[in-house]
Amino acid sequence: APADAGSRVVMKDRPVPPAPRMLVPSVTYLPSLDRLPQAAPTSYDGLIREIAERYNVEYALVKAVIKAESDFDRLAVSPKGALGLMQLMPATAAQHQVRNVFLPRDNIEGGVRHLRLLLDRYGGNLPLAIAAYNAGTQRVEDAGGVPPITETRQYVARVLRYRVTYRREGTGVASFGR
């Protein structure tokens, strides 16, 4: 505290540059065609297709999220508490009225409903919707794009890579568009 009345405290802060906006996916999110996994049919494909069509969400995207989240293990439980095929957190499952997270139909229904909500929220921007599925909408919005979290960035790239594989499964060609 200053001893005389004529003194004043002056503090200088360096200006903080704004966080970069990443509303358009960077090249790092485009899957390399030489590293694509092989598509394999699963016992859930019909169910995935049915529910994805009902919510107007791309089948290949839903299958890619399931592959990345649980590798098609309907009984998967993550260390953070995410459950089932689409690794729904309990609050997300409750939000989408999922009765039994370990029943494939219930879990996929809730997961696809959540994906639809995220796709709508981010205007169809796949990297943002996928990042929000992994890290939550608050982190995406705080970052103004895909958050600078290594796990989330790797997750987005992995889901997009799987998506290309599953799109090829249905059409015989790779495609990057929505």
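See the structure shown above.
Everything numeric in this text was worked out from a predicted model, so none of it was measured. (Residues numbered from 1 in each chain as written. Predicted model: local features only at pLDDT ≥ 70, side-chain atom pairs only at ≥ 80, totals over all residues. Heavy atoms only, no water.)

A few words on the pattern of salt bridges. Inspection of the entire model under this criterion finds eleven salt bridges. A salt bridge links Arg163 to Glu58, with the shortest nitrogen-to-oxygen separation between them at 2.5 Å. You can see Arg163 sitting in helix H7 (residues 150-171) and its partner Glu58 sitting in the loop between helix H1 (45-54) and helix H2 (59-70), a full 105 residues away along the chain. Accessibility expressed as a relative area gives 2% for Arg163, which makes it buried. (Salt bridge = Lys/Arg side-chain N within 4 Å of Asp/Glu carboxyl O. Helix = DSSP H or I, 4+ residues; strand = E, 2+ residues; numbered from the N terminus. Buried < 20%, exposed > 50% of the residue type's maximum accessible area, 1.4 Å probe, protein only.)

It is worth spelling out the packing of H2 against helix H4 (residues 104-121) at this point. Two measures define how a pair of helices packs: the angle their axes make with one another and the distance between the axes. Where H2 meets H4, the closest approach of the two axes is 11 Å, and the angle between their N-to-C directions is 115°. The interaxial crossing formed by H2 with H4 has right-handed handedness. Side by side, H2 and H4 meet where Leu61, Val62, Val65 and Ile66 of the first sit next to Ile108, Val112, Leu115 and Leu119 of the second. For the contact of H2 with H4, the class distribution of residues is eight nonpolar, no polar and no charged. (Axes fitted to C-alpha atoms, helices over the stretch in contact; angles between N-to-C directions. Left-handed = near helix turned anticlockwise from the far one by under 90°. Contact = heavy atoms within 4.5 Å. Nonpolar A, V, L, I, M, F, W, Y, C, P; charged D, E, K, R; others polar.)

Ranked by internal contacts, the top residues of the largest apolar core, which has 44 residues, are Leu61, Val62, Met86 and Ile108. For this core, the elements supplying multiple residues, two or more each, are H1, H2, H4, helix H5 (126-135) and H7. Top contributing element to this core by residue count: H2, with eight residues. Apart from the residues within four sequence positions on either side, Ile108 is in contact with Leu47, Ile48, Ile51, Ile66, Leu85 and Met86. (Core = buried A, V, L, I, M, F, W, Y, C linked by side-chain atoms within 4.5 Å.)

Turning next to the side chain of Asn107. Following the sequence through the fold, Asn107 ends up in helix H4. In this structure Asn107 comes out as buried when scored by relative accessible area, which is 0%. Each residue touching Asn107, except ones within four places of it in the same chain, is listed here: Leu83, Gly84, Leu85, Met86, Gln87, Leu88, Val98, Asn100 and Val101.

What follows covers the packing of H4 against H5. Interaxial distance between H4 and H5 falls to 9 Å at its minimum, and their mutual angle equals 130°. It follows that H4 is oblique to H5 by the angle criterion. Between H4 and H5 the crossing geometry is right-handed. On H5, the residues touching Gly111, His114, Leu115, Leu118 and Leu119 of H4 are Leu126, Ala129, Ala132 and Tyr133. Tallied by class, residues from the contact of H4 with H5 come to seven nonpolar, two polar and no charged. (Parallel < 35°, antiparallel > 145°, perpendicular 65-115°, else oblique.)

It is worth spelling out unusual backbone geometry at this point. Note on backbone geometry: most residues besides glycine have negative phi, and most peptide bonds are trans. Of note, the phi angle at Asn56 is positive, near 55°, even though the residue is not glycine. Take Asn56: it is sitting in the loop between H1 and H2. Positive phi values are uncommon outside glycine, yet Gln87 reaches one of about 50°. As for its placement among the helices and strands, Gln87 is situated in the loop between H2 and helix H3 (90-95). By relative accessible area, Gln87 is classed as buried at 9%.

Time to look at the packing of aromatic side chains. Counted by the stated rule, this structure contains zero aromatic pairs. The side chain of Lys67 reaches across the aromatic face of Tyr162, ending 5.8 Å from its centre. A cation sits over an aromatic face here: Arg161 above Tyr162, 6.0 Å from the ring centre. (Phe/Tyr/Trp six-rings, centres within 6.5 Å; stacked < 30°, edge-to-face > 60°. Lys NZ or Arg CZ within 6 Å of the ring centre and 35° of its normal.)

Note on placement: Pro147 falls in the loop between helix H6 (137-143) and H7. Separated by 19 residues in the primary sequence, Pro147 and Leu128 have C-alpha atoms spaced 9.1 Å apart. Excluding residues that lie within four positions of it along the chain, Pro147 makes contacts with Ala131, Ala135, Arg139, Val140, Thr152 and Arg153.

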